[in-house]
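A look at the structure
Each chain is listed here by its residues.
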Amino acid sequence: MIKKTLIAASAITLSAFTLTACAGGSEASGSDSDGAIVMGFAQVGAESGWRTANTKSIQESAEDAGIELKFTDAQGKQENQIQAIRSYIQQKVDVIAFSPVVETGWDAVLQEAKSAGIPVILTDRAVDSEDTSLYESFLGSDFVVEGEKAGQWLVDNAGDADVDGDGTINVVQLEGTTGAAPAIDRAEGFADVISADPSIEVTASQTGDFTRDGGKKVMESFLQSDDSIDVVYAHNDDMGLGAIEAIKAAGLKPGKDVKIITVDAVHDGMQALADGEINYIVECSPLLGPQLMEIAEKVVAGEEVEARILTEETTFTQDEAKAALPDRQY
């Protein structure tokens with residue numbers, strides 16, 4: 001969240017990917033020679049427009065704050081993130097931050113960081129651990145609430161969503177990466193809210209791994225096996241955009257013949273909403289960089305921080321998307 005072009009200060013080759021040190025400095029352990037904080041950040045990957053914007057925010061915010069950033073792209077693999085975190089521990093960085101690929105399986109490596117006296121900050125996604133002392137704070141959205149917002153729009157617009165007028169609303173769900181917090185929580189929140197309306201039913205649900213190609217392929221499969229789909233609920237914009245491609249290829253009109261609800265509000269998704277091909281978007285802001293750097297500075301200074309810090313987010317209809325697009329940062 002360092003400029004669009006990474007300034008590589010050092011590179012440590014790991015078995016499956018490259019660990020890039022950004023914003024200058026050397027490979028010396030801990031704070032660099034001029035006293036700057038050194039942060040090791042293990043990113044999920046570059047699976048979507050949201051993640052790209054999130055990475056840019058982290059990199060630019062680190063540079064603005066004078067924090068030396070050692071950045072890793074884990075390519076969607078938990079083992080890569082664990083390896084990167086262990087590398088950061090060996091380098092004795094001042095603070096570690098990461099967005100977990102999945103919720104479980106982190107206790108061992110986080111205990112290693114704790115034993116080394118290196119504080120950890122979670123961003124965007126949480127971990128499923130009973131020991132909350134393994135990390136200082138979790139900065140990110142409430143994914144359950146995002147799912148609830150998506151479900152509430154559908155309940156409130158059930159009449160329009162019943163495209164074929166048969167009294168039932170058949171929903172297909174494009175899930176995020178299996179085991180990932182946003183996939184689990186967005187599904188849960190959505191299901192809880194739509195349960196209030198017995199006419200709404202999720203008839204099929206499958207992971208598209210948060211990618212546009214994944215969303216397209218899963219939607220193609222759904223359309224081949226079911227000709228009564230009224231609504232698509234996609235856990236992110238990219239999968240929704242992939243679904244739009246599949247719907248068009250099937251000779252249907254996205255946003256009309258099949259209603260579409262997505263989460264994120266990245267530029268391409270907002271443009272599709274403004275064009276009427278998506279019907280509703282729940283925002284999940286990727287611009288976590290400034291808040292993350294503030295938290296890191298406090299943690300390194302030994303100050304207390306809140307255990308859970310939420311980002312402020314909204315929702316968008318077509319008219320709201322049109323109004324927001326000219327000034328949209330991502």
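Quantities reported herein were computed from a predicted structural model and do not represent experimental measurements.

When helices and strands are tallied, the protein shows 11 helices and 14 strands. Split into buried and exposed, the 330 residues of the protein put 55% on the buried side.

One open sheet accounts for 6 strands, arranged E9-E8-E10-E11-E12-E14; its pairing is mixed. Across the chains shown, the open sheet's two edge strands, defined by having one partner strand only, are strand E9 (200–207) and strand E14 (315–316). Relative to strand E10 (residues 231–234), strand E8 (residues 169–175) runs parallel, the two sharing 4 bridges. Paired with Leu-174 across the strands is Ala-234, a residue of E10. Lying on the sheet, helix H9 (residues 267–274) is in contact with strand E12 (280–283) and E14; it crosses E12 at an angle near 150°.

This brings us to H9. For H9, the full list of buried residues reads Gly-269, Met-270, Ala-272, Leu-273 and Ala-274. Against helix H8 (237–249), E12, E14 and helix H11 (318–324) lie the buried residues of H9. Following H9 by one or two positions, Gly-276 has its phi on the positive side, about 85°.

This part takes up the side chain of Arg-51. Along the chain, the position of Arg-51 falls in helix H1 (residues 49–65). For Arg-51, the side chain forms a polar contact with the side chain of Gln-43, separated by 3.3 Å. Of note is the side chain of Arg-51, whose polar atom sits 2.9 Å from the side chain of Asp-124. Discounting chain neighbours no more than four positions away, the residues touching Arg-51 are Gln-43, Val-44, Gly-45, Ala-46, Ser-99, Asp-124 and Arg-125.

Moving on: the environment of Asp-166. You can see Asp-166 is positioned in the loop between helix H5 (158–161) and E8. Of the polar contacts made by the side chain of Asp-166, one reaches the backbone nitrogen of Thr-168; its length is 3.0 Å.

Scanning the model with the defined rule gives 4 aromatic pairs in all. Ring geometry for Phe-41 versus Phe-71: centroids 6.0 Å apart, planes at 5°, classification stacked. With Phe-41 in strand E3 (residues 38–43) and Phe-71 in strand E4 (residues 68–73), the pair connects residues that are 30 residues apart, well separated along the chain. The exposure class of Phe-41 is buried, given its relative accessible area of 0%. For Phe-71, a relative accessible area of 7% corresponds to the buried category. Both rings, one in Phe-190 and one in Tyr-233, keep their centres 4.0 Å apart while their planes meet at 20°; by these two values the pair is stacked. Highlighted residues: Phe-190 in helix H6 (residues 181–194) and Tyr-233 in strand E10, separated in sequence by 43 residues.

A few words on unusual backbone geometry. Negative phi values dominate among residues other than glycine, just as trans dominates among peptide bonds. Located in the positive-phi region is Asp-124, a residue other than glycine, with phi close to 70°. Position of Asp-124 among the secondary structure elements: in the loop between strand E6 (120–123) and strand E7 (137–140). Note on Asp-124: relative accessible area 3%, which makes it buried.

Bringing the nonpolar core into the picture now. Formed by 31 residues in total, the largest nonpolar core has its most connected members in Leu-174, Met-219, Val-232 and Met-270. Looking at this core, the elements that each hand over two or more residues are E8, helix H7 (212–225), E10, H8, H9 and H11. If we skip the residues at most four places from it in the chain, Met-270 touches Ala-265, Ile-281, Phe-316, Ala-321, Ala-324, Leu-325 and Arg-328. Judged by nonpolar contacts, the second largest core, of 23 residues, contains Leu-154, Ile-169, Ile-194 and Val-282.

Parameters and conventions
- Residues numbered from 1 in each chain as written.
- Predicted model: local features only at pLDDT ≥ 70, side-chain atom pairs only at ≥ 80, totals over all residues.
- Heavy atoms only, no water.
- Helix = DSSP H or I, 4+ residues; strand = E, 2+ residues; numbered from the N terminus.
- Buried < 20%, exposed > 50% of the residue type's maximum accessible area, 1.4 Å probe, protein only.
- Pairing = 2+ DSSP bridges.
- Contact = heavy atoms within 4.5 Å.
- Axes fitted to C-alpha atoms, helices over the stretch in contact; angles between N-to-C directions.
- Polar contact = N/O pair within 3.5 Å; in protein donor to acceptor, adjacent residues only side chain to side chain.
- Phe/Tyr/Trp six-rings, centres within 6.5 Å; stacked < 30°, edge-to-face > 60°.
- Core = buried A, V, L, I, M, F, W, Y, C linked by side-chain atoms within 4.5 Å.

So, to be careful, I would describe these as geometric facts and stop short of saying anything about function.
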